[in-house]
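Each chain, written out:
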Amino acid sequence: MRKRIIVANWKMNKTPKESLELVELLKEKVDTEEYDVVFCVPFVDLIPVASALEGTHIMLGAQNVHYEDFGPYTGEISAPMLKEIGCTHVIIGHSERRAHFNETDHTVNQKIFQTVNHDLTPIVCVGEDLEQRKNNIIIEQIRMQIKRALKNVSFEDVSKTMFAYEPLWAIGTGMSASPEQAQEVCHAIRQVLAEMYDHETANTIRILYGGSVTGKNCAELFAMKDIDGGLVGGSSLKEDFAKIVGCK
Ligand code: 13P
């Protein structure tokens, strides 16, 4: 049985001061052992949010990481830095990073190695854009992203990863994928994992859906067989996030 996980992706929102206000608003409402809950916050918010979350079950994540431990990479943040301040998760390959910051399937692959080597859980994002959906090359696109992301990743390491299906056309648009659309792709992700590894391994890996998840649509999305939780953007910045975490 895969435990549900709800991941907040704050994206580039909330100053350190504001981050504490948001944590105060949400922390009691989303502190649960029933599901895993992770706050992926901007780098400068990580240390204050880590302190504010002490004594709760809520975990801390980053939204990106570099693939080297240290060195001449101005502006970057390393896995050892994240680990030392208490991060457990890192979002990798978000479509916004692919679109604006040259993230590729190759760098996603490097970052998967880097995170698992440092005992951080990568949340690997994949998804098709509207053009690809219109041309019905959804599953091909997803399969290719997964295969490239997992190049040379061992059985042992793949079981330390999780995936998020985020169709680009659903992100920040208020137009979520339907539960059936999301299930179809999440199932395809599990299938490609089973082909590359085996069914047992594929069945333990958690696959999330992201893209306009709200307190209103979460129940039907999370009821789908291959959807193990949500990666939540806009709704994670307000009280609605508590509804998503409490979603039955
Ligand atoms: P929204 O929930 O705002 O659509 O964002 C989804 C997302 O990109 C989470 O990573």
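Computed from a predicted structure; not experimentally measured.

### Comments concerning the site of the ligand
Then, in step 1: If you check the shell around the ligand, you find 13 residues, and the closest are Lys11, His94, Gly172, Ser212 and Gly234.
Then, in step 2: Within the side chain of glutamate 166, a nitrogen or oxygen atom sits 2.9 Å from an oxygen atom of the ligand.
Then, in step 3: Considered on its own, the ligand offers 310 Å² of accessible surface; in the complex 95% of this is hidden by protein.
Then, in step 4: Across the shell around the ligand, the residue classes break down as 4 nonpolar, 7 polar and 2 charged.

### Thoughts on the sheet that holds strand β7 (residues 207-210)
Then, in step 1: Sheet architecture is closed into a barrel: 8 strands sit in the order β1-β2-β3-β4-β5-β6-β7-β8, paired in parallel fashion. When the angles between neighbouring strand axes are averaged without regard to direction, this sheet yields 25°.
Then, in step 2: Here strand β6 (residues 162-165) runs beside β7; their pairing, made up of 3 bridges, is parallel. For alanine 164, the partnering residue across the bridge sits in β7 and is leucine 208.

### Looking at the state of the cysteines
Then, in step 1: The final tally for this structure, using the stated rule, is 0 disulfides.
Then, in step 2: As a non-bridged cysteine, cysteine 125 has cysteine 40 as the owner of its nearest cysteine sulfur, 9.2 Å distant.
Then, in step 3: Cysteine 186 takes part in no disulfide bond, and the closest cysteine sulfur to it belongs to cysteine 125, at a distance of 12 Å.

### Remarks on the packing of helix α1 (residues 16-30) against helix α2 (residues 43-52)
Then, in step 1: α2 packs onto α1 with a crossing angle of 35° between their chain directions and a minimal axis gap of 9 Å. Two packed elements cross with a definite hand, and for α1 against α2 that hand is right-handed. Every residue of α2 that contacts α1 at Pro16, Ser19, Leu20, Val23 and Lys27 is listed here: Val44, Asp45, Pro48, Val49 and Ala52.
Then, in step 2: Classifying every residue of the contact of α1 with α2 by side-chain character gives 7 nonpolar, 1 polar and 2 charged.

### Description of the nonpolar core
Then, in step 1: Counting 63 residues, the largest nonpolar core has Phe39, Ile189 and Phe241 as its most contacted members.
Then, in step 2: Here the element with the most residues in this core is helix α9 (residues 179-196); it accounts for 7 residues.
Then, in step 3: Sequence-distant contacts of isoleucine 189, defined by excluding residues within four places in its chain, comprise Val126, Ile142, Ile146, Phe163, Tyr165 and Ile207.
Then, in step 4: Counting residues in each nonpolar core, the second largest holds 11 residues, with Val7, Val38, Ile91 and Cys125 among its members.

### Regarding unusual backbone geometry
Then, in step 1: One non-glycine residue, aspartate 119, adopts positive backbone phi at about 60°.
Then, in step 2: In this structure, aspartate 119 sits in the loop between α5 (105-117) and β5 (121-126).
Then, in step 3: Its identity as a non-glycine residue notwithstanding, asparagine 152 has a phi of 65°, on the positive side.
Then, in step 4: Relative to the elements of secondary structure, asparagine 152 occurs in the loop between α7 (138-149) and α8 (155-158).
Then, in step 5: Judged by relative accessible area, asparagine 152 falls into the exposed class, the value being 68%.

### Describing the packing of α5 against α7
Two numbers describe a pair of packed helices, the interaxial angle and the distance between the axes.
Then, in step 1: Their axes nearest at 8 Å, the elements α5 and α7 cross at an angle of 45°. As the angle between them shows, α5 and α7 are arranged oblique. Crossing angle aside, the handedness with which α5 passes α7 is right-handed. For the pair formed by α5 and α7, the contact residues are Asp105, Val108, Asn109 and Ile112 on the first element and Gln145, Arg148 and Ala149 on the second.
Then, in step 2: Its residues assigned to classes, the contact of α5 with α7 shows 3 nonpolar, 2 polar and 2 charged.

### Examining the pairing of strand β4 (residues 89-92)
Then, in step 1: Going residue by residue along β4, you find His89 and Ile91 tucked away on one face and Val90 and Ile92 tucked away on the opposite face as well.
Then, in step 2: Where strand β3 (residues 59-62) and β4 come together, 2 bridges link them in parallel fashion. Counterpart to glycine 61 in the pairing with β4 is histidine 89.
Then, in step 3: In terms of handedness, the path from β3 via helix α3 (residues 79-84) over to β4 forms a crossover that is right-handed.
Then, in step 4: As judged from the 4 bridges shared by β4 and β5, these two strands associate in the parallel manner. Across the sheet, valine 90 pairs through a bridge with proline 122, a residue of β5.

Conventions and cut-offs
Residues numbered from 1 in each chain as written. Predicted model: local features only at pLDDT ≥ 70, side-chain atom pairs only at ≥ 80, totals over all residues. Heavy atoms only, no water. Near = heavy atom within 4 Å. Polar contact = N/O pair within 3.5 Å; in protein donor to acceptor, adjacent residues only side chain to side chain. Areas by Shrake-Rupley, 256 points an atom, 1.4 Å probe, with all protein chains shown as cover. Nonpolar A, V, L, I, M, F, W, Y, C, P; charged D, E, K, R; others polar. Pairing = 2+ DSSP bridges. Helix = DSSP H or I, 4+ residues; strand = E, 2+ residues; numbered from the N terminus. Axes fitted to C-alpha atoms, helices over the stretch in contact; angles between N-to-C directions. Disulfide = S-S within 2.5 Å. Left-handed = near helix turned anticlockwise from the far one by under 90°. Contact = heavy atoms within 4.5 Å. Core = buried A, V, L, I, M, F, W, Y, C linked by side-chain atoms within 4.5 Å. Buried < 20%, exposed > 50% of the residue type's maximum accessible area, 1.4 Å probe, protein only. Parallel < 35°, antiparallel > 145°, perpendicular 65-115°, else oblique. Right-handed = clockwise from strand over helix to strand, strands pointing away.

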